[in-house]
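Close look at the chain arrangement
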Amino acid sequence: MTTLTGLLGDLADLVLPAPCAGCEAERVPLRFGACARCVARLEALRPFRTAPEPPPPGMPGCVAVGAYEGPLRGVLLGYKEKGRHRLARPLGTLLATAVSAVAARDTPVTLVPVPSTAAAARERRGDHMTRLAAHAVRRLRAAGWEAGVSHQLEALPRPDSTSLSVAGRRAAAEDSLRIRRPRIGVLRRAAPRKGTLVVVDDIVTTGATLAAATGRLEEANMQVAGAAVLAATQLRRPPAVRFGGLPPRGGEKVERRGSGIPNEG
């Protein structure tokens, strides 16, 4: 039996002359772009609900693939900061698992990636979330979802958030996102197609960016159903609480939406 989280098929063509993408170990078989131990740990990840404490106003319900640590952190950094763009495909597979926990399979789902600024996109040779969302949509479609991507948001220059307070991050996020303006001579679609609208990003920390993105979309009469991210910087739950396991804190009951997406390996 196979599942959406099967990464071997996605990682099989990553024959890279580089250390393991997950742990940077040298002199290990890198047929899968990561050592066997890191691949196994990535395969074992299961999506869970997460939220900063306290959540910012307008923060949508969020599902993360894993904590921002270990192999997930290593692979994500390798993709974003070290130019290992071929890792977009396995990371897109992981992102699809989080989306499948937000969206019902029998309803069309549209992913709205949080955009990079023009400067960041130039530095990384492309918008990293645009690539991840495209791969996630391909995997969802292959598994029977009616899925698409909508680039409704545009990023403006913003200050480095590492030196900002929580309130400062929230203000910077709100000021740095807007609905994309139509190009001259091109009709703009009023909104994404009907169905489930999911904001996708790589990491959630304070939730300010997800809240800002949701606010901008809802100002344009686009109803956001939730958010899906690859990693959460802090786990706001007991370690055993996962989809299909114990209920989240406070006794809230979680409805698991079965992915039904086959593995490719």
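Note that the coordinates shown come from a computational prediction; the quantities given were computed from them, not determined experimentally. (Residues numbered from 1 in each chain as written. Predicted model: local features only at pLDDT ≥ 70, side-chain atom pairs only at ≥ 80, totals over all residues. Heavy atoms only, no water.)

This part takes up the overall build of the chain. Assigned secondary structure in the chain consists of eight helices and eight strands. Going through the 265 residues of the chain one by one, you find that 48% of them count as buried. Sequence-distant contacts in the chain: of pairs separated by 6 or more residues, those separated by 24 or more amount to 74%. Summed over all atoms, the accessible surface of the chain reaches about 13300 Å², with 52% contributed by carbon and sulfur. (Helix = DSSP H or I, 4+ residues; strand = E, 2+ residues; numbered from the N terminus. Buried < 20%, exposed > 50% of the residue type's maximum accessible area, 1.4 Å probe, protein only. Contact = heavy atoms within 4.5 Å. Areas by Shrake-Rupley, 256 points an atom, 1.4 Å probe, with all protein chains shown as cover.)

What follows is about the side chain of Asp202. Looking at the element boundaries, Asp202 is found in strand β7 (residues 196–204). Its relative accessible area of 5% is what places Asp202 among the buried residues. Of note is the side chain of Asp202, whose polar atom sits 3.0 Å from the side chain of His128. Residues in contact with Asp202, not counting those within four places in the same chain, are Leu76, Lys80, His128, Met129, Val229, Leu230 and Ala231. (Polar contact = N/O pair within 3.5 Å; in protein donor to acceptor, adjacent residues only side chain to side chain.)

What follows is about helix α6 (residues 128–142). For α6, with 15 residues, the first-to-last C-alpha span of 22 Å sits near the 21 Å given by 1.5 Å per residue. Burial in α6 covers these residues: His128, Met129, Leu132, Ala133, Ala136, Val137, Arg139 and Leu140. Take α6 and look down its axis: the buried residues cluster within an arc of 165°, on one side only. Summarising the geometry of α6, the exposed residues directed more than 90 degrees from the buried face are Arg138, Arg141 and Ala142. Between a side-chain oxygen at the N-terminus of α6 and the backbone nitrogen of Met129 the separation is 3.0 Å; the capping residue is Asp127. Immediately downstream of α6, the backbone of Gly144 shows phi near 105°, a positive value. (Expected span 1.5 Å × (residues − 1). Arc of directions from axis to C-beta.)

This part covers helix α2 (residues 36–43). Where α2 is concerned, the buried positions are Cys38, Val39, Leu42 and Glu43. Summarising the axial view, the buried residues of α2 lie within an arc of 140°, below the 170-degree limit, and thus occupy one face. Exposed side of α2, more than 90 degrees from the buried face: Ala36 and Arg37 are the residues found there.

Let us now look at the packing of helix α4 (residues 88–100) against α6. Orientation of α4 relative to α6, taken along the N-to-C sense of each, is 65°, at an axis distance of 7 Å. For α4 against α6, the interelement crossing comes out right-handed. Residue-level inspection shows Ala88, Arg89, Leu91, Gly92, Thr93, Leu95, Ala96 and Val99 of α4 in contact with α6, the latter providing Met129, Arg131, Leu132, Ala133, His135, Ala136, Arg139 and Leu140. Across the contact of α4 with α6, the residue classes break down as 10 nonpolar, three polar and three charged. (Axes fitted to C-alpha atoms, helices over the stretch in contact; angles between N-to-C directions. Left-handed = near helix turned anticlockwise from the far one by under 90°. Nonpolar A, V, L, I, M, F, W, Y, C, P; charged D, E, K, R; others polar.)

This part covers the sheet that holds β7. Each strand in a sheet pairs with its neighbour through backbone hydrogen bonds, running either in the same direction (parallel) or in the opposite one (antiparallel). Spatially, the six strands line up as an open sheet ordered β1-β2-β8-β7-β3-β4, and their pairing is mixed. Each having just a single partner strand, β1 (48–50) and β4 (147–149) make up the two edges of the open sheet. Sheet twist, expressed as the average angle between the axes of neighbouring strands with direction ignored, equals 35°. In terms of strand pairing, strand β3 (residues 109–113) meets β7 through five bridges, oriented parallel. (Pairing = 2+ DSSP bridges.)

Scanning all chains against the criterion turns up five salt bridges. Measuring nitrogen to oxygen at the nearest pair gives 2.3 Å for the salt bridge that ties Lys82 to Glu24. Residue Lys82 is located in the loop between α3 (70–81) and α4, and its partner Glu24 is located in the loop between α1 (8–11) and α2; the two are separated by 58 residues in the primary sequence. (Salt bridge = Lys/Arg side-chain N within 4 Å of Asp/Glu carboxyl O.)

A few words now on the pairing of β7. Among the nine residues of β7, nine are classified as buried, and the element is accordingly described as predominantly covered. Here β7 runs beside strand β8 (residues 226–232); their pairing, made up of six bridges, is parallel. When the bridges of β8 are listed, Val199 appears paired with Ala227. A crossover links β7 with its parallel partner β8, the connecting element being helix α8 (residues 208–219), and its sense is right-handed. (Right-handed = clockwise from strand over helix to strand, strands pointing away.)

Between α2 and α3, the least distance of the axes is 8 Å, while the angle of their chain directions is 105°. In this view, α2 runs roughly perpendicular relative to α3, as classed from their interaxial angle. Seen from α2, the contacting residues are Cys38, Arg41 and Leu42; seen from α3, they are Gly70, Pro71, Leu72 and Val75. Its residues assigned to classes, the contact of α2 with α3 comprises five nonpolar, one polar and one charged. (Parallel < 35°, antiparallel > 145°, perpendicular 65-115°, else oblique.)

Of all hydrophobic cores here, the largest spans 37 residues; its most connected members are Leu91, Leu95, Val109, Leu111, Leu132, Val200 and Leu230. For this core, the secondary-structure elements that each account for two or more residues are β2 (62–67), α3, α4, β3, α6, β7 and β8. By residue number, the principal contributor to this core is α4, which donates seven residues. The residues contacting Val200, other than those within four sequence positions of it, are Leu95, Val99, Leu111, Val112, Pro113, Val114, Met129, Ala133 and Ala228. Val112, Val114, Val229 and Ala232 belong to the second largest nonpolar core, which has 23 residues in total. (Core = buried A, V, L, I, M, F, W, Y, C linked by side-chain atoms within 4.5 Å.)

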